[in-house]
Amino acid sequence: MAESYRAEELLIAVVCRLLEGSRHIAVGVSSPIPGSAALLRRALDDRIGGTGPKVSVIGAESPEFRTDGGVDMFDCAGQGRVDAFFLSGGQIDGEANINLVGVGDYPRQKARWGGSFGSAYLYFVVPRVILFREEHSRRVLVPKVDFVSAPGWSPAGVYRPGGPVALVTPLCLFTFDKARRRFALASRHPGVTLERVRDETGFDFDAPGNVPETIPPQNEWLALLRGRVAREIADPYPKFAARVFGAAPAAA
Amino acid sequence: MTLQLASVDALVADLADGAVVAAMKDTSGAPMALARALIGKGVRGLHLVNMPTGGLFADVLIGAGCVATVEGGGVSLGEYGQAPCFVRAVKSGAVRPLDTTCPAVYAALQAGEKGIPFMPLRGLIGSDILTHRADYKIVDNPIAPPGTHDPADRAMRDPIVLIPAIRPDLALIHAPLADRDGNLWVGRDHELRILAHAARHTVATVEQIAAGNLNADPLRSAGVISALYVDAVALAPRGALPCGMAGLYEADGAAIAAYVQAAATPEGFRAWLDAFLAGDTPARRAAE
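Residues numbered from 1 in each chain as written. Chains lettered and ligands numbered in written order. Predicted model: local features only at pLDDT ≥ 70, side-chain atom pairs only at ≥ 80, totals over all residues. Heavy atoms only, no water.

Draft legend 1. Looking closely at the nonpolar core. Counting 82 residues, the largest nonpolar core has A:Leu131, A:Phe174, A:Phe183, B:Ile173 and B:Leu184 as its most contacted members. Take this core: its biggest share by element is 8 residues, from helix H5 (residues 102-114) of chain B. Formed jointly, this core draws a minimum of three residues from each of two domains, domain 1 (15-101 + 167-177 + 188-197 + 237-287) and domain 2 (120-164) of chain B. What B:Ile173 contacts, discounting residues up to four positions off in sequence, is B:Pro31, B:Leu34, B:Leu184, B:Leu192, B:Leu195, B:Ala196, B:Thr202, B:Val203, B:Ala204, B:Thr205 and B:Ile225. By size, the runner-up hydrophobic cluster in this structure holds 50 residues, among which are B:Ile39, B:Leu56, B:Ala64 and B:Phe269. (Core = buried A, V, L, I, M, F, W, Y, C linked by side-chain atoms within 4.5 Å. Buried < 20%, exposed > 50% of the residue type's maximum accessible area, 1.4 Å probe, protein only. Helix = DSSP H or I, 4+ residues; strand = E, 2+ residues; numbered from the N terminus. Domains from an automatic or database assignment. Contact = heavy atoms within 4.5 Å.)

Draft legend 2. Summary view of the interface of chain A and chain B. Chain A puts 37 residues into the contact, and the matching count from chain B is 39 residues. Summed over both sides, the interface between chain A and chain B buries roughly 3100 Å², with carbon and sulfur atoms accounting for 57% of that surface. Linking chain A with chain B are 2 salt bridges. A salt bridge links B:Asp99 to A:Arg112; its shortest N-O distance comes to 2.8 Å. The interface formed by chain A and chain B includes 18 residue pairs in polar contact (both at pLDDT 80 or more). If one sorts the elements of the side of chain A that touches chain B by residue count, helix H4 (residues 119-125) of chain A sits on top with 5 residues. When its residues are assigned to classes, the side of chain A that touches chain B shows 18 nonpolar, 10 polar and 9 charged. (Buried area = accessible area lost by both parts, 1.4 Å probe. Salt bridge = Lys/Arg side-chain N within 4 Å of Asp/Glu carboxyl O. Polar contact = N/O pair within 3.5 Å; in protein donor to acceptor, adjacent residues only side chain to side chain. Nonpolar A, V, L, I, M, F, W, Y, C, P; charged D, E, K, R; others polar.)

Draft legend 3. Here's a closer look at the domain arrangement of chain B. All names here are of chain B. Splitting chain B by domain gives domain 1 (15-101 + 167-177 + 188-197 + 237-287) and domain 2 (120-164). Of note, the centres of domain 1 and domain 2, computed from C-alpha atoms alone, are 34 Å apart. Contacts between the two partners involve 5 residues from domain 1, matched on the other side by 5 residues from domain 2. On the surface where domain 1 and domain 2 come into contact, there are 1 salt bridge. The partner of Arg-133 in a salt bridge is Glu-71, and the shortest N-O contact between them spans 2.9 Å.

Draft legend 4. Molecular detail of empty space enclosed by the protein. Within the structure shown, the criterion is met by 2 cavities of 30 Å³ or more. Approximately 60 Å³ is the volume found for the largest cavity. What lines the largest cavity is a set of 13 residues, among which B:Val70, B:Gly72, B:Gly74, B:Val75 and B:Asp99 lie closest to the centre. Residue composition of the lining of the largest cavity, grouped by class: 5 nonpolar, 5 polar and 3 charged. Taken as a whole, the second largest cavity spans an internal volume of roughly 40 Å³. If you trace the second largest cavity, you find it lined by A:Phe124, A:Val158, A:Tyr159, B:Leu121, B:Arg122, B:Gly123, B:Ile125, B:Pro159 and B:Ile160. (1 Å grid on protein atoms, 1.4 Å probe; cavity = no way out; pocket = protein on both sides within 12 Å on 5 of 7 lines; lining within 4 Å. Points joined across faces, edges and corners; volume = space filled by probe spheres on them.)

Draft legend 5. Highlighting the packing of helix H2 (residues 32-47) of chain A against helix H6 (residues 219-233) of chain A. Residues and elements named next belong to chain A. Packing of H2 against H6 brings their axes to within 9 Å, and their N-to-C directions diverge by 115°. The hand of the H2/H6 crossing is right-handed. Of the residues in H6, those in contact with Pro-32, Gly-35, Ser-36, Leu-39, Leu-40, Arg-42, Ala-43, Leu-44, Asp-46 and Arg-47 of H2 are Glu-220, Trp-221, Leu-224, Leu-225, Arg-228, Val-229, Glu-232 and Ile-233. (Axes fitted to C-alpha atoms, helices over the stretch in contact; angles between N-to-C directions. Left-handed = near helix turned anticlockwise from the far one by under 90°.)

This is the structure in structure tokens:
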């Protein structure tokens, strides 16, 4: 019988499936769910006797997750040595443009966020960028972003080995079609209808006739998550680990 | 040379209004003791370069009215949330944001340390960062391999962005150690070397003075900023508080959370600042 699971665990499983085959996964600041997904990917790969991906967490203190600093992180991504990364946005639009700067006319905007950080570079050079946002609403998923921190696609001739592959929200998984510059609904999470996704999404997207339901995390994944991954994620994200898994750092 | 230790205030005594100053992100040693000196001096109109992002140090300087322009990848207090003074100042127009992406700040300072006019950087094309950065230029890659570079074919130009060099007037650093010869040890925050190399002048507060010459130890010399680049040093134990110093002390999370709450209003920030300038913070009391 399938065990019950938390909403966070479902999202971790969804992101983890998108990371298959990655050799080096980088995780940005304030990204505990993507970070847990990367560590679950590593645990799964290790289990089948493979070599799990290297996981780097920007800003982490522990030697295991540290990079040699920001310059190293960006240089290594520029060479193609980072396979997967995660980005988010205060606004994300239907062409996968992301806005981390603010709402209204720049620069004196009516809402101002922190800034674009590494997005305007990493979105171009990391082949598998997964967009992740814990709020699925028309406020966030807009027809057109007010400020393009980083564009979802680039015209021919612009160096762009990287870009978005998917958008994961609490309601569903969208995949991004680079050629058509559009999202397609790949699965809706258990209990979520297509109508609800449409109601709460401000941009147009494609949907097949019969949208499958997201596969819940299997028991084996949940065991790994609540064991090894919970201990590991408590290092960079102690508050998250305590809240979701009731876990303390492995070597605290 | 034997280092003459200065007072923290003396490190910034000659700094002119409108200067370009730069500091590294809070987790690489926030120069909070220097922030106190800058605000106490009443400096105005600074162009603050955050390498590559700003946090509490930047927010306090902005709130105190020292900054006219803030350049970098972003300003945020991380898990504590938005930087309240930064947000307020940008929305009101009190501060001009020069938004960019983190690797562009590193690239600009690397060009600065090399003494070259610019550094090319991938990415950025098609972003609104570029729309608002008239100083960034797009050129066609002049050394693209044959067959990929045909100026007649728009799709084959391989456009790339040039980031102008940044040479700050003054780099502000808080480091774990200095020696009597004026060398600074920055350890794993070795990117501070780029900052000091690029800046015309560098001043530092340090936790401690080391015995001997830091360059004599091969394990430490890789993390040394040579005295050649260092103008003056002052002792400021726990000078990064309420931010942390890797390996020495943790950030004072309660104090940062209290800052976020206080700085939610200009009046609240003023009261916080008065206590900060007086050195009367919970973290300092706890340290004493």
